[in-house]
Structure formats: C-alpha cells, structure tokens
Amino acid sequence: MLGLISPLVKGTAEIEEIETLTRAAEAGFNGLVLLEGLAREDALRKLESSLQTLEQKLEVVDAQIPMGWFREHFDASQASSVALADYAMLLGRHAGVDSTRLDRIQFLLTRLVSFFISPEDDSPALRRQLLAEALPPSTLAANTREAVVAFCHDATRRLGTFTRLKDLIDSGFFVDVRGYKLSLRQQLLDADVMAAVIELNEATTTTLDRLAEAEQQGEALEQHLAEVDQRIKAIFKQLRVDESEKTAQFEAWLKGSATARAAGRRPKARDFMALKANRREDRRLVLGAITLVLGLIFLFRIPAPQQLRVLTAAECTELSPVLVSGAVAPQKAPRIFVGTVDKSRWALMDGEGRRQTALKLAESVAARGWVAATVMLEEQVVMQIESGNVLVVQ
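Here goes a summary of the coordinates provided. Please read these numbers as outputs of a predicted model, since none were measured by experiment.

With that out of the way, let us pick up the pattern of salt bridges. Following the criterion strictly, the structure yields 16 salt bridges and no others. The closest approach of N and O atoms between Glu 17 and Lys 57, which form a salt bridge, is 3.3 Å. In this pair, Glu 17 sits in helix α2 (residues 13-31) while Lys 57 sits in helix α3 (residues 37-64), placing the two residues 40 residues apart along the sequence. Given a relative accessible area of 27%, Lys 57 falls into the partly exposed group. Across the salt bridge formed by Lys 46 and Asp 42, the nearest N and O atoms sit 3.4 Å from each other. Taken together, the residues span about one helical turn, with Lys 46 and Asp 42 both in helix α3 at a distance of four residues. Taking the relative accessible area as the measure of exposure, Lys 46 reaches 54% and is therefore exposed. Asp 42 gets classed as partly exposed once you look at its relative accessible area, which sits at 33%. Among the ionic contacts, a cluster of salt bridges with common partners joins Arg 128, Arg 145, Asp 190 and Asp 192.

What follows is the structure in structure tokens.
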C-alpha cells in the first residue's frame, strides 16, 4: 500500500515518517535471525505492534486524499495485482460506513479485475475468487446478497433497453443506481455483491459508448465522446459528496510540503519510493518488503531450531546457481524458503538475466511445494516469490 500511496503524496512529512518506520521495521525483522527464545518472541511482538502502527498511519494519509483527486492521479496500470488487492484489503478492514472509502475500494477492485483478468480467461468464478481474496470475510446473509445481485442484474438488463443517449441521461438511471449503491454501505464488501456492481459499472460504460457512437459517426466521433464524458462526469459530480473544500486543503498541503522541501527547512530521509524509470519494479520492491515481513512473521513463529532446516550448498545450487545459502521451514513439511545470493554474480547480471533467474527459481520452488521464497543480498530483497509468482526482481 505504501508503494501506491507514496507517489501521490511524496515529499510530505507524514509519508517520510512512514517510510522511516518501514525501514526500521524491515531492519528489525532482519535482526530476528540473531535472536533466540524469549528474546525473539519479545522482538516479534514489538514488530507486529509496529506494523499495526504503520497501517494506521497509512490509513490516515489515505483518508486525506480526496476521491476525485485520487481518480485523476492514481495509475492502477503501474501496480501489481497483489498490491491493488492488499490496498483494497487494508481499506476494507476498517471501511465502516464511510462512503468515500467504500468508493475507493470499489475503484481499486474494478481496476484489479480490468487489468489482471484477460478477456479470454474472464469468468464469473474467476472474478469472484479474485475479489474474495482482496476483501475481508463476508458475513452477509444469503437473502440480502441475492437481492443486491438481482438489482444489479436487472439494472444491467435495463441498460440494454435504451436506444438514445438522451433517454438514458433523462431517465434517472444514474441517480437510481448511485443511490442504491450508497445504501449498500458495507454490503459492498461481499465478493458476490462487488462482482455484480463491477459488472454493472462495465455495462454502463459499454452502453454509453454504444449510444454515443450511434448518435455521431465519422471524424466528429472522438469530440462527441469527449463531450458525452464531460456530461456524465457532471452528473456524477452532483451525485457525489462535494469535495471542493477538501481538495483545496489537500492541494495546499501538497504545495506547502513541496515548498518546505525545496527550502530545506527540515532534514529529509532517502525517498523510499522515488519515481524511477521503471515504476512497476519500484512498487514490486515495496510489495516484496511487505511480503517478506509477513513471511518472516510466519517463519519465526516456528519453534527453533528443530523446525528450521538449513540447506546444504549443493541443495542451494540445485535450487538456483546464484544461491549461496538458505533455509526452509518447517523442517518436516517446508513451506517457506529464505536465502541469499552470491553478491558478485548478482552484480554482474543485467535486468533480463535477473528476471530469468527469478522465473527459474519460482519453478524450482513450486516443484518442491513451497508457497513462498525470499532471497536477500545483504539487507536488500532481490527476489520475492509467492504462490509460484515472481513479485520482486531487484
């Protein structure tokens, strides 16, 4: 989540504090390997408390970003599917009845579905599975779920009855649907409900394009579509909460932070997520750090040393020729691997070479039935693998 928020509010004191705390937490988890027994358990409890503090601070920063501004500036295409799901999951755990936060969760999950399910693989079952993994466990009653899904399906069918754009706009359809979705509140966090709402959103977009194209053909089509888009935005602006004051305050906060940064009135920590040429890799690095933290929580809760098995040099080489050490846990039925790479070999490899190495390691890890692998170069995560997927190559 930090990697997705940081570019939106970079340079602010709040995000720099979070970045500093994140580095401290990572160093703390790395230091767990030097502790044993009660000392390690005590350190782990403190680190888990630090993670809760980090989540709370991230939520505070997220809440300051107006939803309209977020829609315009957030680039979901630069994020991994896991990062989007983690972001939505964190917001979902504490969403309450805040309509803005629920809007953001819906926005993130809509992007998750559109960017990471290909048309040839798309299916209701796959969508539901993806959404269920990104949402908190649902306690929605079956009859309530069925009623909401039925409303969305009926609204989708209603869209097919419109033959003119003016009729659709004048029908009150947008007001009806928007009002109904607002009334759902936390019911939106059910995977089946969210899938139905996303399907309705997609059908609405498709219908708008269809009707706009039917009204205008030829060279003026693009301009006409732009005008229609502005008309629809104007309608939704009236339906949504007025954020003009919040947006002005938010932009003033960003501007003030940039001015203070330029003036050098306070010391700045190194940018944890500076925007580089490859933004996707940057975000994956942060995602990898988070995954590493979660993996290490699991790893170091296993009683030591009997549940931890250190691999031989030959076993490490068999996994990947760049590995020089490693360990798996638990000992009898390994699920997690943590290892280190040969510094000189890794330094001499180009980006593509590292990527291919990570892909081959992912295959080796999956073949052994392990669910996660974290590979370090000194204190830096250089490869992170989760459920057979390469999340980080640095």
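One can describe the packing of helix α8 (residues 142-159) onto helix α10 (residues 173-184) by two numbers: an axis separation of 12 Å at closest approach and a directional angle of 165 degrees. Here α8 is positioned roughly antiparallel relative to α10, judged by the angle of their axes. For the crossing formed where α8 meets α10, the hand is left-handed. Here α8 contributes Ala 147, Val 148, Phe 151, Ala 155, Arg 158 and Leu 159 to the contact with α10, which in turn contributes Phe 173, Asp 176, Val 177, Tyr 180 and Leu 184.

Glancing now at the nonpolar core. Judged by nonpolar contacts, the single largest core of 65 residues is most densely connected at Val 9, Phe 70, Phe 74, Ile 105, Leu 108, Leu 109 and Leu 131. The biggest single contributor to this core is helix α11 (residues 191-215), with eleven residues. The residues touching Leu 109, leaving out its near neighbours within four places in the chain, are Ala 88, Leu 131, Ala 134, Leu 135, Met 194 and Ile 198. Counting 22 residues, the second-largest nonpolar core is a separate cluster that includes Leu 311, Val 341, Leu 377 and Val 393.

Moving on, we come to helix α17 (residues 351-367). In a regular helix each residue adds 1.5 Å, so 17 residues correspond to 24 Å; α17 covers 25 Å between its end C-alpha atoms and thus fits that length. Among all positions of α17, only Arg 354, Thr 357, Ala 358, Leu 361, Ala 362, Ser 364 and Val 365 are buried. Along α17, the residues classed as buried sweep out an arc of 165 degrees about the axis, all on the same side. In α17, the exposed residues that point more than 90 degrees away from the buried face are Lys 360, Glu 363 and Ala 367.

It is worth spelling out the pairing of strand β6 (residues 389-393) at this point. The element β6 is extensively covered by neighbouring structure, given that four of its five residues are classed as buried. Of the pairings in the sheet, the one linking strand β5 (residues 380-386) to β6 comprises four bridges and is antiparallel in character. Across the sheet, residue Glu 386 finds its bridge partner in β6, namely Asn 389. The antiparallel pairing of β5 with β6 creates a hairpin that spans two residues between the two strands, and Ser 387 there sits at a positive phi of about 50 degrees.

Here we come to the sheet that holds β5. Strand order in the open sheet formed by six strands is β1-β2-β3-β4-β5-β6, with mixed pairing between adjacent strands. A strand with exactly one partner marks an edge of an open sheet, and here the two such strands are β1 (309-310) and β6.

Our focus in this paragraph is the packing of α3 against helix α5 (residues 81-93). For the pair α3 and α5, the least separation of the axes is 11 Å and the interaxial angle reads 95 degrees. The angle between α3 and α5 falls in the class roughly perpendicular. Two secondary-structure elements touch here, α3 through Glu 55, Glu 59 and Asp 62 and α5 through Tyr 87, Leu 90, Leu 91 and Arg 93. Residue classes in the contact of α3 with α5 are distributed as three nonpolar, no polar and four charged.

Bringing α2 into the picture now. At 3.6 residues per turn, the α-helix brings residues three or four places apart onto the same side. The end-to-end C-alpha distance of α2 is 27 Å, a good match for the 27 Å that 19 residues give at a rise of 1.5 Å each. For α2, the complete set of buried residues consists of Ile 15, Glu 16, Ile 18, Glu 19, Thr 22, Ala 25 and Phe 29.

Scanning the entire structure with this criterion turns up nine aromatic pairs. Centroid distance Phe 173 to Phe 174: 5.9 Å. Interplanar angle 80 degrees. Geometry classified as edge-to-face. Overall, Phe 173 belongs to the buried group, its relative accessible area being 1%. A relative accessible area of 4% means that Phe 174 is categorised as buried. Judged by centre distance (5.9 Å) and plane angle (10 degrees), the ring pair of Phe 337 and Trp 370 falls under stacked. One end of the pair, Phe 337, is in strand β3 (residues 336-341); the other, Trp 370, is in the loop between α17 and β4 (372-377), with 33 residues separating them in the sequence. Residue Trp 370 is classed as buried on the basis of its relative accessible area, which comes to 9%. Directly above the ring of Phe 70 sits Arg 104, whose terminal nitrogen or CZ lies 4.2 Å from the centroid. Geometry around Trp 370 places Arg 368 over its ring, the cationic atom sitting 6.0 Å from the centre.

Rules of the game
Residues numbered from 1 in each chain as written. Predicted model: local features only at pLDDT ≥ 70, side-chain atom pairs only at ≥ 80, totals over all residues. Heavy atoms only, no water. Salt bridge = Lys/Arg side-chain N within 4 Å of Asp/Glu carboxyl O. Helix = DSSP H or I, 4+ residues; strand = E, 2+ residues; numbered from the N terminus. Buried < 20%, exposed > 50% of the residue type's maximum accessible area, 1.4 Å probe, protein only. Axes fitted to C-alpha atoms, helices over the stretch in contact; angles between N-to-C directions. Parallel < 35°, antiparallel > 145°, perpendicular 65-115°, else oblique. Left-handed = near helix turned anticlockwise from the far one by under 90°. Contact = heavy atoms within 4.5 Å. Core = buried A, V, L, I, M, F, W, Y, C linked by side-chain atoms within 4.5 Å. Expected span 1.5 Å × (residues − 1). Arc of directions from axis to C-beta. Pairing = 2+ DSSP bridges. Nonpolar A, V, L, I, M, F, W, Y, C, P; charged D, E, K, R; others polar. Phe/Tyr/Trp six-rings, centres within 6.5 Å; stacked < 30°, edge-to-face > 60°. Lys NZ or Arg CZ within 6 Å of the ring centre and 35° of its normal.

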